[in-house]
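One letter stands for each residue in the lines below.
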Amino acid sequence: MSEKIVLSVENLTVSFDGFKAVNDLNLYVEQNELRVIIGPNGAGKTTLLDLICGRTRATGGSIRFKDDELTRMPEYERVRRGIGRKFQTPSIYENLTVFENLEVSYPRGRTVFGSLFFRRDQLLLDRIEEVARLIYLDERLDDPAELLSHGQKQWLEIGMLLMQDPELLMLDEPVAGMSVSERQKTAELLTRICENRSVIVIEHDMDFVKRIAHRVTVLHQGKLLAEGSMEHVQADPKVVEVYLGH
Amino acid sequence: MTITPSTPKNALPWWRAQLPLLVMSAVILVALPLALDLFRLNLVGKYLTYAFVAVGLVLCWGYGGILSLGQGVFFGLGGYAMAMFLKLEASDPESTKIQSTPGIPDFMDWNQITALPALWEPFHSLTFTLFAIVAVPGFLAFIIGLAMFKRRVGGVYFSIMTQAIAAILSILIIGQQGYTGGVNGITDLKTMLGWDIRTDSAKYILYYVNAGLLIAAVLLGQWLLKSKFGKLLLALRDKEERVRFSGYDVAAFKIFIFTLAAMLSAVGGAMFTLQVGFMSPSFVGIVPSIEMVIFTAVGGRLSLVGAVYGSLLVNFGKSYFSESFPELWLFLMGGLFIAVVMLFPNGLAGLTDSWREWQARRRARDLPRPTGAAPAPTAGDDTPPPSNLRAEGGAA
């Protein structure tokens, strides 16, 4: 194997009252890889991210991140190990400024007393400046986040995750509701940020997927349907039948 | 571009930024004592003890989004702890020699209790009492918080639980008459380490101690809200999931702010006992707990200073109306709460903010418009942005 495996999901199952949203799934993500997960509605894509970040508890199977088993770990512990998650609808703090949104996401002063006595230092300011430039918001730092456009809010949430410098970044439909030029910029952003981390993206926009994906995983009814390069997946008759054909 | 963390708001001179607090201090430290006779001032002192609860609720509810309908529990526990100490001092064998068991509080004697209960023993010590005033309610809040927030009980369910706890405690106090004084509470409090708290000079001194502690509580709240903790509090009120998945143990933050609010309430309760001279279950149960939320809502749940004015105004209204139209008061109180929620959700502080905003907008319209200027919402030095975060500046 050329690259180190960062995330290994094995025999993962979650059942909601007997309905298996994710069913005996295996998935391996390598270091510095940008993986895109596609699949029809209800395939279990978002549920898979929920399982990895801890929003949903697994019924069975294992999720290993580097050397740690995650399935029983509290959410904030998983984040501290290096897993970042962006939600489908932009989830930012509307009542805080862009600067404060990024500051609050900075991984220092994470305990109650740590946050009470936390002081802004040059390190934090440099980091905020760096991230703000990356997400195209360096001119908007003092604005309340509620004044941002939808696309800018999506970027801000990605920026909030970048503040934590996660080793695994999971993005749920990052370009949903974005204009063409915003999509272009987001694709650039994603290729830039996966240079030193692994990224999992859920996306429906096939042109966008083609532009960014290293490898593509297709889910269907909670199971793995196909995996490989975009060309490989697109040529797969099963995938065409359940998803791309429509 | 280089980042400067200071926003234009921070650039104001300190006295300008603190004007609302300075005005409030002047009102309670100078204006009210000069304008009112001692009887009325003592009433104000009583109202200001509720302001401790309101300040705690601003932090816990306004900023943290945790609506507790049981703050009377903590107010009452603080008050009872103080009352127990004062009652023991008032029950020396000399002044209780007509009882069948001299040396214990009178209500115990009436209830055929013949020895001081072990629970009461440590309250002979003032040091222990002062410690217990904050520690007992703080510990109870910590346990409640631990049980609720770790299990992710929140919102309405949490409010209902706190209300149930308020009901339980008041029923318990009323039921255990021999240990607590029952429905009458603990009365006939006289001296504190020999210092008679019923004299005029003692009432003035206690009023000022109370006012000083209240200003300190507001300053503590301001410091807290200015820190990263304060921003996190707002963040978890609005987007709890996002905070959790940014690596924070959300429950720990909620437990902390709920416990702190409980301790502030308890200080208010202790000062109530000292100034009013008794403590009873009517300050513990559901009704007083909800009234305390109304004080906060009327003053402005995002304004620490507003909470103090809210406590004063609603209570002045209460004593005025309940003297003139006693049967109407409860309806008025309910109506007031509905009006606040529906018409001015940020209370009095929110109203002064909107007024200043409107003024600033009018000023901006009268000024000749600079050519090509972007409609930047943060451009004006005096213009508060539309965010309700700025409510703290209000109530001047």
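For the structure, see preceding data.
A. Focus on the overall build of chain B. When helices and strands are counted, chain B shows 16 helices and two strands. Residue burial in chain B is summarised as follows: out of 396 residues, 51% are buried. Across chain B, the fraction of contacts at a sequence separation of at least 24, relative to all contacts at a separation of at least 6, is 79%. Total accessible area computed for chain B in this model is approximately 17800 Å², and 68% of it derives from carbon and sulfur atoms.

B. Seen up close, empty space enclosed by the protein. All told, the structure shown has one cavity of 30 Å³ or more when counted by the stated rule. Taken as a whole, the largest cavity holds about 30 Å³ of empty space. Within the lining of the largest cavity, the residues separate by chemical class into five nonpolar, three polar and no charged.

C. Local environment of the nonpolar core. Among the nonpolar cores identified, the biggest contains 165 residues, and L102 and L156 of chain A together with M24, I28 and F229 of chain B are the most heavily contacted of them. Top element by residues in this core is helix α3 (residues 38-63) of chain B. It accounts for 17 residues. Membership of the second largest hydrophobic core comes to 30 residues, among which are V6, V9, V29 and A43 of chain A.

D. Geometry of the sheet that holds strand β1 (residues 5-16) of chain A. Residues and elements named next belong to chain A. Taking strand neighbours across the sheet as the criterion, the four strands line up as β2-β1-β4-β5 in an open arrangement whose pairing is antiparallel. At either margin of the open sheet sits one strand with a lone partner, and together these are β2 (19-30) and β5 (68-69). Pairing geometry for β1 and strand β4 (residues 60-65), over five bridges, is antiparallel. Each residue of the ladder has a partner; that of E10, found in β4, is S62. Strands β1, β2 and β4 of the sheet are contacted by helix α1 (residues 45-53), whose axis makes an angle of about 110° with β1.

E. Summary view of the packing of helix α4 (residues 71-90) of chain B against helix α7 (residues 155-175) of chain B. Residues and elements named next belong to chain B. It is the contact of α4 with α7, at a shortest axis distance of 10 Å, that shows an interaxial angle of 30°. Here V73, L77 and Y80 of α4 lie close against α7, whose contacting residues are I165, A166, L169 and I173. When the residues that make up the contact of α4 with α7 are grouped by side-chain class, the tally is seven nonpolar, no polar and no charged.

F. Spatial organisation of the packing of aromatic side chains. Evaluation of the coordinates by the stated rule reveals 26 aromatic pairs over all chains. Summarising the aromatic geometry, the rings of F272 of chain B and F278 of chain B are spaced 6.5 Å apart at their centres and angled 65° between planes, so their arrangement reads as edge-to-face. In this arrangement the basic side chain of K185 of chain A is found over the ring face of Y136 of chain A, its NZ or CZ atom lying 4.8 Å from the centre. Positioned over the ring face of W61 of chain B is R301 of chain B, at 5.0 Å from the centre of the ring.

Rules and cut-offs
For every chain, the first residue of the written sequence is number 1, and numbering continues from 1 onward in sequence order. Here chains are named by letter from A upward and ligands by number from 1 upward, in the order in which they appear as written. Residues qualify for local features only when their pLDDT is at least 70, as the model is predicted, and side-chain atom pairs are given and counted only at 80 or more; totals for whole chains, interfaces and linings, by contrast, use all residues. The basis for the side-chain values is all heavy atoms of the structure; hydrogens and waters are excluded. What counts as a helix is a DSSP run of H or I of at least four residues, what counts as a strand is a run of E of at least two, and both are numbered from the N terminus. Under the scheme applied here, a residue whose accessible area is under 20% of the maximum for its type counts as buried, over 50% as exposed, and between as partly exposed, the area being computed with a 1.4 Å probe on protein chains only. We call two residues contacting when some pair of their heavy atoms lies within 4.5 Å. For every accessible area listed, the method is Shrake-Rupley and the probe measures 1.4 Å; residues are considered covered only by the protein chains on display. Here a cavity is any set of points on a 1 Å grid over the protein atoms alone where a 1.4 Å probe fits but cannot get out, and a pocket is any open set with protein on both sides within 12 Å along at least 5 of 7 lines; a residue lines the site when it has an atom within 4 Å of a point. Grid points are joined across faces, edges and corners, and a volume is the space filled by probe spheres set on the points. All residues other than Ala, Val, Leu, Ile, Met, Phe, Trp, Tyr, Cys, Pro, Asp, Glu, Lys and Arg, Gly among them, are scored as polar; the first ten of these are nonpolar and the last four charged. Here, the term nonpolar core denotes a set of buried Ala, Val, Leu, Ile, Met, Phe, Trp, Tyr and Cys residues that are joined through side-chain atoms within 4.5 Å. A pair of strands counts as paired when DSSP detects no fewer than two bridges linking them. Here an axis means a line fitted to C-alpha atoms, over the contact stretch when the element is a helix, while the angle between two N-to-C directions is reported on a 0 to 180 degree scale. For this analysis, a ring pair means two rings from Phe, Tyr or Trp (six-membered ring only for Trp) whose centres lie within 6.5 Å, classed as stacked if their planes differ by under 30 degrees, edge-to-face if by over 60, and tilted for the remaining angles. Counted as over-ring charges are cases with an Arg CZ or a Lys NZ within 6 Å of the ring centre that also lie within 35 degrees of the ring normal.

Note that every value here comes from positions in space, so none of it alone points to a role or purpose.
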